[in-house]
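So you can see what is in the structure, the chains are spelled out below.
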Amino acid sequence: MSRLKVAFVGSGGGARGLAHLGVLKACEETGIVPTIFVGASSGALVSASYGQDVPLDVLLDGYRLPWRRRHHGPRLHAGTFLGAPRPRDFLDPGYLLSGVFSLDKLERHLERFLPVNDFRQLHNSVFVTAVDVDSGERVVFGPGYREDVPISRAVAASCAVPGLFRPVKIGDRYFLDGEVVRTLSADVAVAAGANVVIISNVYRPEQRRAPERAIARRGALAVMRQSLSITLMEKEKRGVDLLSRTYPKVVFLDIAPDIGSFGYLNRYASRSLVLRGYRTALRVLTEAKERGVFSSVLAPDTRLN
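Note that the structure is predicted; figures quoted are calculated from it, not measured. Sequence order as written defines residue numbering, which begins from 1 separately in each chain. Two thresholds apply to this predicted model, a pLDDT of at least 70 for residue-level local features and 80 or more for giving and counting side-chain atom pairs, whereas whole-chain, interface and lining totals are computed over all residues. Note that water and hydrogens are dropped before the side-chain values are worked out from all heavy atoms of the structure.

A. Up close: the packing of helix 1 (residues 19–29) against helix 2 (residues 42–50). Under this scheme, a helix contributes an axis fitted over its contacting stretch, all axes are lines through C-alpha atoms, and angles between N-to-C directions fall in the 0 to 180 degree range. Helical segments are the DSSP runs of H or I of at least four residues, strand segments are the runs of E of at least two, and each set is numbered from the N terminus. The N-to-C vectors of helix 1 and helix 2 enclose an angle of 40°; their axes lie 10 Å apart at closest approach. Two secondary-structure elements touch here, helix 1 through His20, Leu21, Leu24 and Glu28 and helix 2 through Ser42, Gly43, Val46 and Tyr50. Per-class residue counts for the contact of helix 1 with helix 2 are four nonpolar, three polar and one charged. Working rule for contacts: check all heavy atoms of both residues, and any pair within 4.5 Å makes them a contact. Only Asp, Glu, Lys and Arg are considered charged, only Ala, Val, Leu, Ile, Met, Phe, Trp, Tyr, Cys and Pro nonpolar, and every remaining residue, Gly among them, polar.

B. Just the environment of Val149, in detail. In this fold, Val149 is placed in the loop between strand 5 (138–141) and helix 7 (151–158). Distance in space between the C-alpha atoms of Val149 and Asn117 is 9.0 Å, their sequence separation being 32 residues. Non-local contacts of Val149, meaning those with residues more than four positions away in its chain, are made with Phe119, Phe141, Ala154 and Ile170.

C. Here's a closer look at the packing of aromatic side chains. Centres within 6.5 Å are what make two rings of Phe, Tyr or Trp a pair, Trp counting through its six-membered ring; a difference in plane orientation under 30 degrees is then read as stacked, over 60 as edge-to-face, and the rest as tilted. Across all of its chains, the model carries five aromatic pairs by this definition. Linked through ring pairs, Phe8, Phe37 and Tyr50 together constitute an aromatic cluster.

D. A look at the pattern of salt bridges. Salt bridges, as used here, are contacts in which a Lys or Arg side-chain nitrogen is within 4 Å of a carboxyl oxygen on Asp or Glu. For the structure shown, the criterion picks out eight salt bridges. For Lys25, the salt bridge identified is with Glu29, shortest N-O distance 3.6 Å. Note that Lys25 and Glu29 are positioned in helix 1 at a spacing of four residues, about one turn of the helix. For Lys25, a relative accessible area of 33% gives the class partly exposed. On the accessibility criterion, Glu29 (46% relative accessible area) is partly exposed. Across the pair Glu107 and Arg153 runs a salt bridge whose closest N-O atoms are separated by 2.5 Å. Of the two residues, Glu107 is situated in helix 6 (residues 104–113) and Arg153 in helix 7; the sequence distance between them amounts to 46 residues. Here the salt bridges share partners, and the residues they tie into one network are Arg86, Asp104, Glu107 and Arg153. Relative accessible area decides the class of each residue, using a 1.4 Å probe on protein chains only: under 20% of the type maximum gives buried, over 50% gives exposed, and in between gives partly exposed.

E. Up close: the nonpolar core. Among the nonpolar cores identified, the biggest contains 65 residues, and Leu103, Phe141, Val155, Ile198, Leu253, Leu285 and Phe294 are the most heavily contacted of them. Here this core gets seven residues from one element, more than from any other, and that element is helix 10 (residues 270–290). What Val155 contacts, discounting residues up to four positions off in sequence, is Ala44, Leu45, Ala48, Leu110 and Val128. Listed in part, the 18 residues of the second largest apolar core include Val140, Leu184, Ala186 and Ala189. What is meant by a nonpolar core is a set of buried Ala, Val, Leu, Ile, Met, Phe, Trp, Tyr and Cys residues, joined one to another through side-chain atoms within 4.5 Å.

F. Region of the structure containing the packing of helix 2 against helix 7. It is the contact of helix 2 with helix 7, at a shortest axis distance of 8 Å, that shows an interaxial angle of 160°. Here helix 2 is positioned roughly antiparallel relative to helix 7, judged by the angle of their axes. Of the two possible hands of crossing, helix 2 and helix 7 adopt the one that is right-handed. Contacts between helix 2 and helix 7 involve Ala44, Leu45 and Ala48 from the former and Ile151, Val155 and Ser158 from the latter. Its residues assigned to classes, the contact of helix 2 with helix 7 shows five nonpolar, one polar and no charged. Note that the term roughly parallel is reserved for angles under 35 degrees, roughly antiparallel for angles over 145, roughly perpendicular for angles of 65 to 115, and oblique for everything else. Definitions for this section: a left-handed crossing has its near helix turned counterclockwise from the far helix by less than a right angle. A right-handed crossing has that turn clockwise.

G. Just helix 9 (residues 220–246), in detail. End to end, helix 9 covers 39 Å across 27 residues, agreeing with the expected 39 Å (1.5 Å per residue, within 8%). Its buried side turned inward, helix 9 meets helix 8 (186–191), strand 9 (196–200) and strand 10 (251–255). How far a helix is expected to stretch is found by multiplying one less than its residue total by 1.5 Å.

H. Spatial organisation of the side chain of Ser185. Position of Ser185 among the secondary structure elements: in the loop between strand 8 (173–177) and helix 8. Side chain to side chain, Ser185 and Arg138 meet in a polar contact 3.0 Å long. Sequence-distant contacts of Ser185, defined by excluding residues within four places in its chain, comprise Val9, Val38, Thr129 and Arg138. Identification of polar contacts relies on pairs of N or O atoms within 3.5 Å, with a donor-acceptor requirement for protein atoms, meaning one able to donate a hydrogen and the other able to accept it, and with residues adjacent in sequence counted only if both atoms are side-chain atoms.

I. Here's a closer look at the confidence of the model for the chain. In this model, the chain carries an average pLDDT of 85, and 89% of its residues clear a pLDDT of 70 or more. For every residue, the predictor states its confidence as a pLDDT score lying anywhere from 0 to 100. Note that pLDDT drops below 50 for residues 297–305; the model gives that stretch 34 contacts with residues more than four away or on any other chain.

J. The pairing of strand 5, seen in detail. Only when DSSP finds a minimum of two bridges between them are two strands counted as paired. Bridge count for strand 4 (residues 125–132) against strand 5 is four bridges, and the pairing is antiparallel. From the neighbouring strand, Val131 faces strand 5, where its bridge partner is Arg138.

K. Spotlight on the environment of Phe262. Structurally, Phe262 is set in the loop between strand 10 and helix 10. Through-space distance from the C-alpha of Phe262 to that of Leu273 is 8.2 Å; in sequence the pair is 11 residues apart. Beyond its immediate chain neighbours, meaning those up to four positions away, Phe262 contacts Arg16, Arg225, Ala269, Ser272, Leu273 and Arg276.

L. Inspection of unusual backbone geometry at higher detail. Even without glycine at this site, Ser41 takes up a positive phi of about 55°. Classification of Ser41 by relative accessible area gives buried; the value is 6%. Here the phi dihedral of Asp53 falls at roughly 70°; this positive angle occurs in a residue that is not glycine. Note on placement: Asp53 falls in the loop between helix 2 and helix 3 (56–61).

Below, the structure is given as structure tokens:
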């Protein structure tokens, strides 16, 4: 019997990624302690902070109303992501027009906020994924991969949504959101030794049935959001199915909370998003514990949804 090693893998999803905090809260309440963290985009933000023991309540506090805050740490708000061009960017018009905003502000925020900014100094294994724009290949930042890059820089690269943000330059290469090439990188968690992988996926499509108003009647943005969720959810499911066959001795717990109609930029729904992630995760993790997933390594082809 192998020694139990639990991993947390977080998808992207913009503000919807707040549901990851609910999943981690459920982990804490059920006594489950991941030691491997993998993420892209918003999942990278959560993994890089919680993965180095930033308390969950401190992370949640950044989204509370000012008069309800319990801590004095920095807040993560929309303005943190909307960086202006640097003077030297105007000397490169092609790069300047490669995105609307810069992620320099986010990188500086993380430099101040993160206790440690070096992958090699973390006691947990934290991995951040991005895509090399010119090669089209996934790049992993973290122990055993590209570990010399500051965590803040790697996370900024992983959050660079194409078109919205300019690619982040690291060395002489440019990087974008890790989910451009792969929705989840659970294989990185398996390679790091995990035999139980908790996947937090916030791309579950909204489900509406008569007599509810059809999504098609709610405008182009609603249809685009639903289409993106359907595409990424299907991509994620196929990826997990493939991983389950490739690694039959690893248990994959696929947690996909019902996010409903909350948009990818709606950070004001933080309480609802956290609660939805928490409730779904609590159910899945409780069922897994009852089946003995966290006390032993299950037989091949065991998977919970």
